[in-house]
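# Secondary and tertiary structure notes
For reference, the chains in residue letters:
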Amino acid sequence: MSNPDELLVALSAAVESERSNQMSLTVVVGGAVITGRLAPEAVWRERVAEVLKDSDRLGPFSDVFARAPRGGRPASDETPTHLHFHLARILQGSLGIPETGGMYRVAIKDVSAWTVGDLSYFDR
């Protein structure tokens, strides 16, 4: 979206202010369907840093995520620009990639459609 959806921005701001990771959301970005739970940016960064730190090859990159954004936690009146997903999957046919869920950062301005809830596909 060239102009980010005000409702989606408000939803992201609520996740940031409440510091909750229980909001399930599904978005369409560039034709891809991503479904999962939103996390506050600081929590998302911390988790990504932990995962990278445990990797022999990617450990040095953990510091990039461990640093606070823009010199500290975003101001409460700052408008969110990104959604931070955890336990997220890109839906492709009847598959969710990765199966266990991943960590995705999505620019709100790039979201073309969205719905509340975590979509699941089942083969019947």
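Above this text sits the structure in question.
Everything quoted here is computed from the prediction, not taken from an experiment.

## Section: the pairing of strand β2 (residues 32–38)
- For strand β1 (residues 24–29) and β2, the ladder comprises six bridges, and the chain directions are antiparallel. Across the sheet, residue V28 finds its bridge partner in β2, namely V33.
- The loop that links β1 with its antiparallel partner β2 comprises two residues; one of these, G30, has a positive phi angle of about 55°.
- By the bridge criterion, five bridges tie β2 to strand β3 (residues 82–92) in an arrangement that is antiparallel. Counted as the bridge partner of R37 is H86 from β3.

## Observations regarding empty space enclosed by the protein
- Summed over all chains, the structure comprises one cavity of 30 Å³ or more.
- For the largest cavity, the calculated volume is near 30 Å³.
- Mapped onto the lining of the largest cavity, the elements with two or more residues apiece are α1 (6–18) and β3.
- Each residue belonging to the lining of the largest cavity can be placed in one class, and the counts come to four nonpolar, three polar and one charged.

## Re the environment of T100
- Mapped onto the fold, T100 is located in strand β4 (residues 95–107).
- Sequence separation of T100 and L87 is 13 residues, and the distance between their C-alpha atoms is 6.9 Å.

## Things to note about the side chain of R89
- As for its position among the elements, R89 is in strand β3.
- We classify R89 as buried; its relative accessible area is 14%.
- Engagement of the side chain of R89 in a polar contact is seen with the side chain of D118, the distance being 3.3 Å.

## A few points about the side chain of T26
- As for its placement among the helices and strands, T26 is situated in strand β1.
- Relative accessible area serves as the criterion here: at 4%, T26 is assigned to the buried category.
- There is a polar contact of 2.7 Å between the side chain of T26 and the side chain of T35.
- Not counting the four nearest positions on each side in its chain, T26 is found in contact with V33, I34, T35, A113, W114, T115, G117, D118 and L119.

## Concerning the packing of aromatic side chains
- Enumeration over the complete set of coordinates arrives at one aromatic pair.
- Where W44 meets F65, the ring centres are 6.0 Å apart and the plane angle is 65°; that geometry is what we call edge-to-face. Of this pair, W44 sits in helix α2 (residues 41–53) while F65 sits in helix α3 (residues 62–66), and the two are 21 residues apart along the sequence.
- The class for W44 is buried, based on a relative accessible area of 7%.

## Regarding the pairing of β4
- Sheet analysis places β3 next to β4, joined by eight bridges and oriented antiparallel. For H82, the partnering residue across the bridge sits in β4 and is A107.
- The turn linking β3 back onto β4 is made up of two residues, and G93 within it adopts a positive phi angle of 60°.

Cut-offs used in this document
Residues numbered from 1 in each chain as written. Predicted model: local features only at pLDDT ≥ 70, side-chain atom pairs only at ≥ 80, totals over all residues. Heavy atoms only, no water. Pairing = 2+ DSSP bridges. Helix = DSSP H or I, 4+ residues; strand = E, 2+ residues; numbered from the N terminus. 1 Å grid on protein atoms, 1.4 Å probe; cavity = no way out; pocket = protein on both sides within 12 Å on 5 of 7 lines; lining within 4 Å. Points joined across faces, edges and corners; volume = space filled by probe spheres on them. Nonpolar A, V, L, I, M, F, W, Y, C, P; charged D, E, K, R; others polar. Buried < 20%, exposed > 50% of the residue type's maximum accessible area, 1.4 Å probe, protein only. Polar contact = N/O pair within 3.5 Å; in protein donor to acceptor, adjacent residues only side chain to side chain. Contact = heavy atoms within 4.5 Å. Phe/Tyr/Trp six-rings, centres within 6.5 Å; stacked < 30°, edge-to-face > 60°.

By themselves these figures say nothing about function.
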